[in-house]
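# Fold and contact review
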Amino acid sequence: MTIAPEKTDTHIQLRLDEDWLAVCSLSQLTRGRGVAVLLPGGRQAAVFLDRDGTPYAIDNRDPFGGAQVLSRGLLGSAAGRPFVASPLLKQRFDLETGRCLDDESVTVAVYDVRLH
């Protein structure tokens, strides 16, 4: 059976432990912006698509303010590293490592991402 390409959709999947979980359709993401997704157990992830179309996912909780808001942050880059700046206090988090660029003692969880 053949499925026409216009009838198929690519999904963003995150690795949770050893399994992959489909969290949203790629078509639901806008380049340069993020969305919040609910994970099993009530956790949240912030999923981003950068301007080049590369997907990233980190924990959605801002460790400084405690709110689930990182998905609403602004994307940018510093020294070639992609980051999101929290909408609360503007701390920047590296999208590849989760390390805070403004306070190296703070990190957020990073999820492996794939398109499927």
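A short tour of the structure in this document, coming up. (Residues numbered from 1 in each chain as written. Predicted model: local features only at pLDDT ≥ 70, side-chain atom pairs only at ≥ 80, totals over all residues. Heavy atoms only, no water.)

### Digging into the sheet that holds strand 6 (residues 74-78)
- Spatially, three strands are ordered 6-7-8 in an open sheet, and the strand pairing comes out antiparallel. Because the sheet does not close on itself, it has two edges, and the strands there are strand 6 and strand 8 (92-94). On average, each strand axis in the sheet is tilted by 35° relative to the strand beside it, whichever way the strands run.
- Alignment of strand 7 (residues 81-85) against strand 8, held across three bridges, turns out to be antiparallel. What sits directly across from Ala-85, in strand 8, is Arg-92. (Pairing = 2+ DSSP bridges. Helix = DSSP H or I, 4+ residues; strand = E, 2+ residues; numbered from the N terminus. Axes fitted to C-alpha atoms, helices over the stretch in contact; angles between N-to-C directions.)

### Points about a nonpolar patch on the surface
- On the surface, Phe-64, Leu-88 and Leu-89 cluster together into a nonpolar patch covering about 270 Å² of accessible area.
- Its location among the elements puts Leu-89 in the loop between strand 7 and strand 8. (Patch = residues over 30% accessible without salt bridge, like charges linked within 9 Å, V, L, I, M, F, W, Y side chains within 5 Å. Areas by Shrake-Rupley, 256 points an atom, 1.4 Å probe, with all protein chains shown as cover. Salt bridge = Lys/Arg side-chain N within 4 Å of Asp/Glu carboxyl O.)

### Quick word on the side chain of Gln-13
- The residue Gln-13 is located in strand 1 (residues 11-16) in this model.
- Polar side-chain contacts of Gln-13 include one of 2.5 Å to the side chain of Arg-114.
- When sequence neighbours within four positions are dropped, the list of residues in contact with Gln-13 reads Trp-20, Leu-21, Ala-22, Asp-112, Val-113, Arg-114 and His-116. (Polar contact = N/O pair within 3.5 Å; in protein donor to acceptor, adjacent residues only side chain to side chain. Contact = heavy atoms within 4.5 Å.)

### Details of the nonpolar core
- With 13 residues, the main nonpolar core has Ile-12, Leu-14, Val-23, Leu-39, Val-47 and Tyr-111 as its most contacted residues.
- For this core, the secondary-structure elements that each account for two or more residues are strand 1, strand 2 (19-25) and strand 4 (44-49).
- Contacts of Leu-39, omitting those with residues within four sequence positions, involve Leu-14, Leu-16, Leu-21, Val-23, Gln-44, Ala-45 and Tyr-111.
- Listed in part, the twelve residues of the second largest apolar core include Ala-46, Val-84, Cys-100 and Val-106. (Core = buried A, V, L, I, M, F, W, Y, C linked by side-chain atoms within 4.5 Å. Buried < 20%, exposed > 50% of the residue type's maximum accessible area, 1.4 Å probe, protein only.)

### Notes on the pattern of salt bridges
- Scanning the model with the defined rule gives five salt bridges in all.
- Of the charged contacts in the structure, one is a salt bridge between Asp-94 and Arg-81, with a shortest N-O distance of 2.9 Å. Taken together, the residues Asp-94 in strand 8 and Arg-81 in strand 7 connect sequence positions 13 residues apart.
- The class for Asp-94 is buried, based on a relative accessible area of 1%.

### Structural notes on the sheet that holds strand 5 (residues 55-59)
- Reading across the sheet, the three strands line up as 3-4-5 and stay open at both edges, with antiparallel pairing between neighbours. At either margin of the open sheet sits one strand with a lone partner, and together these are strand 3 (33-38) and strand 5. Across this sheet, the average inter-strand angle for adjacent strands is 25°, counted without regard to direction.
- Pairing of strand 4 with strand 5, which is carried by five bridges, proceeds in the antiparallel orientation. Each bridged residue has a counterpart across the sheet, and for Leu-49 the counterpart in strand 5 is Pro-55.

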